Amino acid sequence: MEELRVDMRERSPELQEFYNRQEQLTFKLNHTMPRTDEYFEVLKELFGDRLGEGSSIRTPISGAALENLVVGKNCYINGNFLAMARGGITIDDNVQIAANVQLLSNNHDPYDRQILTCNPIHIKEGAWIGAGASIMAGVTIGKYAIVGAASVVTHDVGDYEVVVGSPAKVLKTLDKEKFEK
């Protein structure tokens, strides 16, 4: 996939207004009593139909370009979740994401820091991301893969692989026959 480059100096007033509203909604969500009608209304306004049935996002959350974040069904995302989603973030069904996880689909050009370099992140079905892990731009996490706590993932992780460390390296591969079909 081709890298998306975004010049932050070229943001239109309409786009700036959109992102101001998104920032306000995120703040409101983070300061609303969880599991109330008001909470679910703000969550719906912020994510629309991009949050799958049975999925739960615990606050606080933060990020940018959250309109590019899509969460599948029956996912659990714990608090202090950071989603820098300018490059796109897709989380498939049945994914578990622990506290303090960062999904960073954008970075800055090293020579012109007002240019964002963006590549999508894809977390596939049933993956589990451990507490404090960071997933970098352009990375795909495979089906039922596990990313160990505090790992920094800079390369794709295959289906059923367990990765740990900084940078993350494959520790082992899980037996796919042991997963319920």
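As the structure is a prediction and not an experimental result, all values here were calculated from the model. (Residues numbered from 1 in each chain as written. Predicted model: local features only at pLDDT ≥ 70, side-chain atom pairs only at ≥ 80, totals over all residues. Heavy atoms only, no water.)

Chemist: Which residues make up the overall build of the protein chain, and what values do they have?
Modeler: If you tally the helices and strands in the protein chain, you get 2 helices and 19 strands. In terms of overall size, the protein chain behaves like a compact globule, its C-alpha atoms giving a radius of gyration of 17 Å where 181 residues would be expected to give roughly 16 Å. Projected onto its principal axes, the C-alpha coordinates of the protein chain cover approximately 50 × 45 × 25 Å. In the protein chain, buried positions account for 40% of the 181 residues. (Helix = DSSP H or I, 4+ residues; strand = E, 2+ residues; numbered from the N terminus. Rg over C-alpha atoms; globule rule 2.2 N^0.38 Å. Buried < 20%, exposed > 50% of the residue type's maximum accessible area, 1.4 Å probe, protein only.)

Chemist: Mind laying out the layout of surface pockets, listing which residues take part and the relevant values?
Modeler: As a volume, the largest pocket reaches approximately 260 Å³. What lines the largest pocket is a set of 19 residues, among which Y19, G63, A64, A65 and R86 lie closest to the centre. Looking at the lining of the largest pocket, the elements that each hand over two or more residues are α1 (13-30), β3 (61-64) and β10 (106-108). Ranked by the residues each element gives to the lining of the largest pocket, the list is headed by α1, at 6 residues. The calculated volume of the second largest pocket comes to roughly 160 Å³. Around the second largest pocket, the lining comprises 13 residues; the ones closest to its centre are F40, L43, L51, S55 and S56. Of all the elements in the fold, those that place two or more residues in the lining of the second largest pocket are α2 (37-47) and β2 (56-57). Tallying contributions element by element places α2 first for the lining of the second largest pocket, with 4 residues. (1 Å grid on protein atoms, 1.4 Å probe; cavity = no way out; pocket = protein on both sides within 12 Å on 5 of 7 lines; lining within 4 Å. Points joined across faces, edges and corners; volume = space filled by probe spheres on them.)

Chemist: Now, about the sheet that holds strand β12 (residues 121-123): what can you tell me, with residues and values included?
Modeler: Strand order in the open sheet made by the 4 strands is β4-β7-β12-β15, with parallel pairing throughout. Two strands in the sheet have a free side with no partner beyond their single neighbour: β4 (69-71) and β15 (140-141). The sheet contact formed by β4 and strand β7 (residues 89-91) spans 3 bridges and is parallel. Residue pairing in the sheet places V70 in a bridge with T90 of β7. (Pairing = 2+ DSSP bridges.)

Chemist: A description of the pattern of salt bridges should follow, citing residues and the corresponding values.
Modeler: Tallying each qualifying case throughout the model produces 5 salt bridges. A salt bridge links E3 to R5; the shortest N-O distance between them is 3.6 Å. E45 is the salt-bridge partner of R21, the closest N and O atoms lying 2.8 Å from each other. With R21 in helix α1 and E45 in helix α2, this residue pair connects regions lying 24 residues apart in the sequence. Here the salt bridges share partners, and the residues they tie into one network are E3, R5 and D109. (Salt bridge = Lys/Arg side-chain N within 4 Å of Asp/Glu carboxyl O.)

Chemist: Report on the pairing of strand β11 (residues 115-118), specifying residues and quantitative values.
Modeler: The two faces of β11 match: I115 and T117 on one face and L116 and C118 on the other face are all buried. Strand direction decides the pairing type here: strand β1 (residues 4-7) and β11, joined by 4 bridges, are antiparallel. Looking across to β11, one finds that D7 is bridged to I115. Sheet topology places β10 next to β11; 3 bridges connect them, and they run antiparallel. Note on β11: the bridge partner recorded for N106 is C118. Once β10 ends, the chain turns through 6 residues before running back antiparallel as β11.

Chemist: Describe the sheet that holds strand β5 (residues 76-77), and please don't skip the residues or the numbers.
Modeler: Here we have 7 strands laid out as an open sheet, ordered β2-β5-β8-β13-β16-β18-β19, and mixed in their pairing. A single partner strand is all that each edge strand has here, and the edge strands are β2 and β19 (168-173). Where β5 lies against strand β8 (residues 96-97), 2 bridges are found, and the strand directions are parallel. Along β8, the bridge assignment pairs Y76 with Q96.

Chemist: Can you explain α2? Please cite residues and give values.
Modeler: Here α2 has its buried residues at Y39, V42, L43, L46 and F47. Along the axis of α2, the buried residues cluster in a sector spanning 115 degrees; they form a single face. Pointing more than 90 degrees away from the buried face of α2 are the exposed residues D37, E41 and K44. Structurally, α2 contributes buried residues whose contacts are with α1, β2, β3 and β4. Looking one or two places after α2, you find G48, whose phi comes out positive at around 55 degrees. (Arc of directions from axis to C-beta. Contact = heavy atoms within 4.5 Å.)

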